[in-house]
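Summary of structural features
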Amino acid sequence: MREIHQLRDVQSWMDSGMKLSTACNETAKLYDAAVSQLAGWYDNKQLDGLESTLKKMMEADPQFIAGRSLKHSLEVIGGSNIKNNPTLEKNIERLASDVESNSNTCGEWEKLHVKALQFSSMGNAEAAVRQWEEILIEYPSDILSLHLAGMTCLINGTMEKVSGISGRILPSFEDEHSLSSIHAWHSFGLSEINLLPQAERHARIGISLEPKNGFSTHAMAHVFEMTSRYDDGIAYMNDNETLWNFSNHIAGHNYWHWSLYYLTKGEFESAADVLDQKLLNRPDFGRFDSLTLSYLLAMEDYSISDVMQKHGDRYEDIIKQNQANHYRSFNDVRIMMGLCVSKKYDEAEQFMTESKGSECIHGRNVNENLLTSIWSYSREMYEDCVELLWPIRYNIKQIGGSEAQRDVFSLMLIHACLRSKKVKHNRLASQLIEEREIHRMKSPLVDRLRRLL
């Protein structure tokens, strides 16, 4: 995380081994500020935040190749691609043409990033990640390549790649201002492949290097959850709230993790308090997490009617702002949860039909089953829910997200099996609970589920 006085000008970028296509020092510094905010998940208030920084950067040099590439890369991370956004397609074609016609002034590092952008915008995530890996061979301190590769792996359900990518460059990573972020990514990647002692070590290193880096706190939150240390997680999140809140783009998601500790312990009122007081009003992607949390509480038969009455407009805003996109199944299933927990079944049925009909949606192979399983569970058709979820349980990772985020479907399957009238499903519930304990030993949630058998 760079302060204003630490931002790199054109020559400093060159000294770092990365030639930029701009001769404007202001542009170079604003680009550095944008990358710093992106990797640290925060808005620099002196620059009016990441969005404003990008705007000022492009105003300072509208032809800046790396700046345009970054701007469009963020659009792709946000869900756009050349199939659903014709304007983006034209902008990337123009960018690639400008790179070719200005080959002498455009730096090699910039060219490689544009190539990665082309792959990612076409939906070829595997090729894009490989391209960022290639960049990191020559430029191992490029935090932008690591961040874009990590986000792409997260979106596409291939988080098992991340610890390898970050681990390869960690020994030679020289950008001290981004060192906390590389440890955070490494920790997150390690936790997703269940290497939890190593994940905890790197999360704590990241926190020690930059206590305000909420992404390092996020990595630590996963460790607390995966090791069933819920009291430790609650204490840590509470004691350090003012620090990790600095990273406002991930703070909402961190509140979600905090609420999960309470929910797992069976302290539903405390989980609902986090939903009510901390999560629902977040402007970041934690707003989607509020829909998942609401559904999880409903599965526990805990009434959130007071919360929904108080924040009815907010629930509606979250859903309305995103329900027409159908870019990703990962988002659509959470909107479906929001509609069902709000008992807006007519809207839910219409939304389900539209999402199923989207040919461009990411995670299409499992999208129909997931949406219908949410509908079936909400309508107390538990037998149907089991028959929809059980066959695809190993493929759900296709929608992306972390193990913790997809766990809602594991819990839905168990609850549906418990409530089903079929003896076979009840037997499966017992086996799934035993399986869950293998991965989450000493979990109060496992004990609670077992008592329902």
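Our subject in this report is the structure included herewith. Within each chain, residues carry numbers counting from 1 in the order of the written sequence. Given that this is a predicted model, residues contribute local features only at a pLDDT of at least 70 and side-chain atom pairs are listed and counted only at 80 or more, while totals for whole chains, interfaces and linings are drawn from all residues. To obtain the side-chain values, all non-hydrogen atoms of the structure were included, while hydrogens and water were left out.

**What to know about the state of the cysteines**
Cysteine sulfur atoms that pair up within 2.5 Å are treated as a disulfide. For the coordinates displayed, the defined rule picks out 0 disulfides. No disulfide involves Cys24; its nearest neighbouring cysteine sulfur is the one of Cys106, lying 17 Å away.

**Here's the deal with the pattern of salt bridges**
A pair is scored as a salt bridge if a Lys or Arg side-chain nitrogen falls within 4 Å of a carboxyl oxygen belonging to Asp or Glu. All told, the structure shown has 28 salt bridges when counted by the stated rule. Glu437 is the salt-bridge partner of Arg450, the closest N and O atoms lying 3.0 Å from each other. Linking Arg450 in helix H26 (residues 444–450) with Glu437 in helix H25 (residues 423–439), this pair joins segments that are 13 residues apart in sequence. Given the relative accessible area of 27%, Arg450 is considered partly exposed. Burial here depends on accessible area, computed with a 1.4 Å probe over protein chains only, as a share of the maximum for the residue type. Under 20% is buried, over 50% is exposed, and the range in between is partly exposed. Residue classification places Glu437 among the partly exposed positions, given a relative accessible area of 28%. Strands here mean DSSP runs of E at least two residues long; helices mean DSSP runs of H or I at least four residues long; both are numbered from the N terminus.

**Considerations on the packing of helix H12 (residues 214–226) against helix H15 (residues 248–265)**
In this analysis an axis means a line fitted to C-alpha atoms, helices contributing only their contacting stretch, and an angle means the value between N-to-C directions, from 0 to 180 degrees. Running from amino to carboxyl end, H12 crosses H15 at an angle of 20 degrees, the nearest separation of the two axes being 10 Å. By the angle between their axes, H12 is roughly parallel relative to H15. Relative to H15, H12 is oriented so that their crossing is left-handed. Residues Gly214, Phe215, Thr217, His218, Ala221, His222, Phe224 and Glu225 of H12 pack against Ile250, His253, Asn254, His257 and Tyr261 of H15. An angle below 35 degrees is read as roughly parallel, one above 145 as roughly antiparallel, one from 65 to 115 as roughly perpendicular, and any other as oblique. Crossing chirality is assigned from the near helix's rotation relative to the far helix, an anticlockwise turn below a right angle marking it left-handed and a clockwise turn marking it right-handed. Whether two residues touch is decided by their heavy atoms; if any such pair falls within 4.5 Å, the residues are in contact.

**Quick word on helix H22 (residues 364–378)**
Look at H22: 22 Å from first C-alpha to last across 15 residues, which is about the 21 Å you get at 1.5 Å a residue. For H22, a buried count of 11 out of 15 residues is recorded, marking the element as mostly surrounded by other parts of the structure. Of the residues making up H22, those classed as buried are Val366, Asn367, Leu370, Leu371, Thr372, Ser373, Ile374, Trp375, Ser376, Tyr377 and Ser378. Structurally, H22 contributes buried residues whose contacts are with helix H17 (286–299), helix H20 (329–341), helix H21 (345–356), helix H23 (382–389) and helix H24 (403–419). Multiply 1.5 Å by the residue count of a helix minus one, and that product is the helix's expected span.

**Topic: the side chain of Asn85**
Tracing the chain through its elements places Asn85 in the loop between helix H4 (65–77) and helix H5 (86–101). In this structure Asn85 comes out as buried when scored by relative accessible area, which is 18%. There is a polar contact of 3.0 Å between the side chain of Asn85 and the backbone nitrogen of Leu88. Identification of polar contacts relies on pairs of N or O atoms within 3.5 Å, with a donor-acceptor requirement for protein atoms, meaning one able to donate a hydrogen and the other able to accept it, and with residues adjacent in sequence counted only if both atoms are side-chain atoms.

**Thoughts on the packing of aromatic side chains**
Whether two aromatic rings pair depends on their centres lying within 6.5 Å, for rings of Phe, Tyr and Trp, where Trp uses its six-membered ring; planes under 30 degrees apart make the pair stacked, over 60 edge-to-face, and the rest tilted. Evaluated as defined, the whole model comprises 18 aromatic pairs. Aromatic pair Tyr31 and Phe64: ring centres 5.3 Å apart, planes at 80 degrees, arrangement edge-to-face. With Tyr31 in helix H2 (residues 25–40) and Phe64 in the loop between helix H3 (49–60) and H4, the pair connects residues that are 33 residues apart, well separated along the chain. Judged on exposure class, the residue Tyr31 and its partner Phe64 are both buried. Distance and angle both matter: a charge sits over a ring if NZ of Lys or CZ of Arg is within 6 Å of the ring centre and within 35 degrees of the ring normal. Lys212 extends its terminal NZ or CZ atom over the ring of Phe246, reaching a point 4.2 Å from the ring centre. In this structure, Arg379 is placed above the aromatic ring of Trp375, and the distance from its NZ or CZ to the ring centre is 5.6 Å.

**Considerations on H3**
With 12 residues, H3 extends 17 Å from end C-alpha to end C-alpha; this agrees with the ideal 16 Å at 1.5 Å per step. Every buried residue of H3 is listed here: Gly49, Leu50, Ser52, Thr53, Leu54, Met57 and Met58.

**Description of the packing of H12 against helix H13 (residues 230–239)**
Packed helices, taken two at a time, are described by the angle between their axes plus the distance between the axes. Where H12 contacts H13, the two axes come as close as 8 Å, and the packing angle between them is 155 degrees. Between H12 and H13, the interaxial angle falls into the category roughly antiparallel. The element H12 and its partner H13 pack so that their crossing is left-handed. Every residue of H13 that contacts H12 at Thr217, Phe224 and Glu225 is listed here: Tyr230, Asp232, Gly233, Tyr236 and Met237. The classification used treats Ala, Val, Leu, Ile, Met, Phe, Trp, Tyr, Cys and Pro as nonpolar, Asp, Glu, Lys and Arg as charged, and all other residues, Gly among them, as polar. A per-class count over the contact of H12 with H13 returns 4 nonpolar, 2 polar and 2 charged.

**Focus on unusual backbone geometry**
Note: most peptide bonds trans; most residues except glycine with negative phi. Of note, the phi angle at Asp48 is positive, near 65 degrees, even though the residue is not glycine. Here Asp48 lies in the loop between H2 and H3. Classification of Asp48 by relative accessible area gives exposed; the value is 58%. The residue Lys343 is not glycine, and still its phi comes out positive at about 60 degrees. Mapped onto the secondary structure, Lys343 falls in the loop between H20 and H21. On the accessibility criterion, Lys343 (61% relative accessible area) is exposed.

**Side note on the nonpolar core**
Counting 84 residues, the largest nonpolar core has Tyr295, Leu297, Met336, Leu370, Ile374, Phe409 and Met412 as its most contacted members. The element contributing the most residues to this core is H24, with 10 residues. Discounting chain neighbours no more than four positions away, the residues touching Leu370 are Ser329, Val333, Leu389, Ile392, Ile396, Ile399 and Phe409. We define the nonpolar core as a collection of buried residues of types Ala, Val, Leu, Ile, Met, Phe, Trp, Tyr and Cys that are connected through side-chain atoms lying within 4.5 Å of one another. Counting 53 residues, the second largest nonpolar core, distinct from the first, contains Ala28, Ala39, Leu112 and Trp132.

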